[in-house]
Amino acid sequence: MGNRLSKIYTRTGDDGTTGLGDGSRVAKDSARVDAYGTVDEANSAIGLVLAAELPDDVRDLLTAIQHQLFDLGGELCIPGHAAIVDADIDRLEASLDRYNEALPALKDFILPGGGEAGARCHLARTIVRRAERETVTLSRQEAVRPQAIRYLNRLSDLLFVLSRVLARASGHGEVLWRHERR
């Protein structure tokens, strides 16, 4: 591991800039900082999911995903760096297929909810979607590997499916949008 933080504040960001992993400095509100910052936020939201009661297989999967999100944050923080590979996306797709197989087909929209773990998973899903949008924005300005965007896209899909799984496992069930109420 590189440098360890012995002092948390450095005052180098007081001018509105921050250091990237390659040593360059950019504005704290740059598209790159928005992208990796929102990936970090998504990782924190998954931490909230992990703080709830979960089946062991879901806990193990989300813990592995947290590590990959940290890798992805590093990829976005270091221009030109590659951390997420096609095999990471393939694993998300395999998990998606496995968890979705046992669920009934969707016939209605689902509202975020369905118990604590399910609701937290929905929140994480929406933050991952924002991270994806911000990474796409970055890709329009600077080089971003397509694996980064694909990973975030599949992860949000997986979190949706896991929200459904967790809502059912909790006994709360899914909260369906009632379009006929109007």
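A quick note: this is a predicted structure, and the numbers were derived from the prediction, not measured. Think of each chain on its own: its residues are numbered from 1, step by step along the sequence as written. At least 70 in pLDDT is required for a residue's local features to be given in this predicted model, at least 80 for side-chain atom pairs to be given and counted, and no such filter applies to totals for whole chains, interfaces and linings, which use all residues. Calculation of side-chain values draws on the structure's entire complement of heavy atoms; hydrogens and water are dropped beforehand.

Student: Got a minute to help me understand the overall build of the chain in this structure?
Tutor: For the purposes of this entry, the term helix denotes a DSSP run of H or I that reaches at least four residues, the term strand denotes a run of E that reaches at least two, and both are numbered from the N terminus. The secondary structure content of the chain amounts to five helices and four strands. In sequence order, the chain lays out its α and β elements as β-β-α-α-α-β-α-α-β. With the principal axes as the frame, the chain shows a C-alpha extent of 50 × 35 × 30 Å. Three labels apply to residues, based on accessible area from a 1.4 Å probe with only protein chains included: buried if under 20% of the type maximum, exposed if over 50%, partly exposed otherwise in between. Relative to its 182 residues, the chain shows a buried fraction of 41%. The method behind every accessible area is Shrake-Rupley, applied with a 1.4 Å probe, and residues are considered shielded solely by the protein chains displayed. For the chain, the computed accessible surface area is about 10,400 Å², with 52% contributed by carbon and sulfur atoms.

Student: Explain the packing of helix α1 (residues 31-50) against helix α4 (residues 116-139) here, please?
Tutor: A packed helix pair is summarised by two numbers, namely the angle formed by the two axes and the spacing between the axes. Running from amino to carboxyl end, α1 crosses α4 at an angle of 165°, the nearest separation of the two axes being 8 Å. Relative to α4, the element α1 lies roughly antiparallel. For the crossing formed where α1 meets α4, the hand is left-handed. Of α4, the residues touching α1 (which contributes A31, R32, D34, A35, T38, V39, E41, A42, A45, I46, L48 and V49) are A117, R120, C121, A124, I127, V128, R130, A131, E134, T135 and L138. Only the stretch in contact is used when a helix axis is fitted, and all axes are lines through C-alpha atoms; the angle between N-to-C directions ranges over 0 to 180 degrees. Working definition: roughly parallel below 35 degrees, roughly antiparallel above 145 degrees, roughly perpendicular at 65 to 115 degrees, and oblique for all remaining angles. Two helices that cross are described as forming a left-handed crossing if the nearer one is turned anticlockwise from the farther one by less than a right angle, and a right-handed crossing if clockwise. Contacts are residue-level and defined by heavy atoms, with any inter-residue pair within 4.5 Å sufficient.

Student: Sorry, what's going on with the environment of S6 here?
Tutor: Structurally, the position occupied by S6 is in the segment before β1 (17-19). The spacing of S6 and R125 is 119 residues in sequence and 34 Å in space, taken between C-alpha atoms.

Student: How should the nonpolar core be read in this particular structure?
Tutor: One recurring pattern in soluble globular proteins is that nonpolar side chains are buried together. Core analysis: the biggest nonpolar cluster contains 45 residues, and L62, I65, L69, L72, Y151, L159 and L162 have the highest contact counts within it. Residues within four places of Y151 in sequence aside, it is in contact with I65, Q68, L69, L72, I84, D88, I89 and L92. Residues grouped as a nonpolar core are buried Ala, Val, Leu, Ile, Met, Phe, Trp, Tyr and Cys residues, joined through side-chain atoms within 4.5 Å.

Student: Can you help me understand a nonpolar patch on the surface in this one?
Tutor: Taken together, the side chains of F109, L111, V175 and W177 present a nonpolar region at the surface, about 380 Å² in accessible area. Counting through the fold element by element, L111 comes out in strand β3 (residues 110-111). Here, patches come from residues exposed beyond 30% relative accessible area and free of salt bridges, joined within 9 Å for like charges and within 5 Å for nonpolar side chains (Val, Leu, Ile, Met, Phe, Trp, Tyr). Between Lys or Arg on one side and Asp or Glu on the other, a salt bridge is scored when a side-chain nitrogen of the former is within 4 Å of a carboxyl oxygen of the latter.

Student: Is there a simple way to explain the side chain of T135 in this structure?
Tutor: Relative to the helices and strands, T135 is located in helix α4. When sequence neighbours within four positions are dropped, the list of residues in contact with T135 reads A35, L76, V144, A148, I149 and L152.

Student: I would appreciate a short explanation of the packing of aromatic side chains in the present structure.
Tutor: Between two aromatic rings, the relevant description is the distance of the centres plus the angle of the planes. For this analysis, a ring pair means two rings from Phe, Tyr or Trp (six-membered ring only for Trp) whose centres lie within 6.5 Å, classed as stacked if their planes differ by under 30 degrees, edge-to-face if by over 60, and tilted for the remaining angles. One pass over the structure, following the stated rule, counts one aromatic pair. Measuring from centroid to centroid gives 5.8 Å for F109 and W177, while their planes differ by 65°, and the two rings are edge-to-face. Of this pair, F109 sits in the loop between α3 (86-101) and β3 while W177 is found in the segment after β4 (175-176), placing the two residues 68 residues apart along the sequence.

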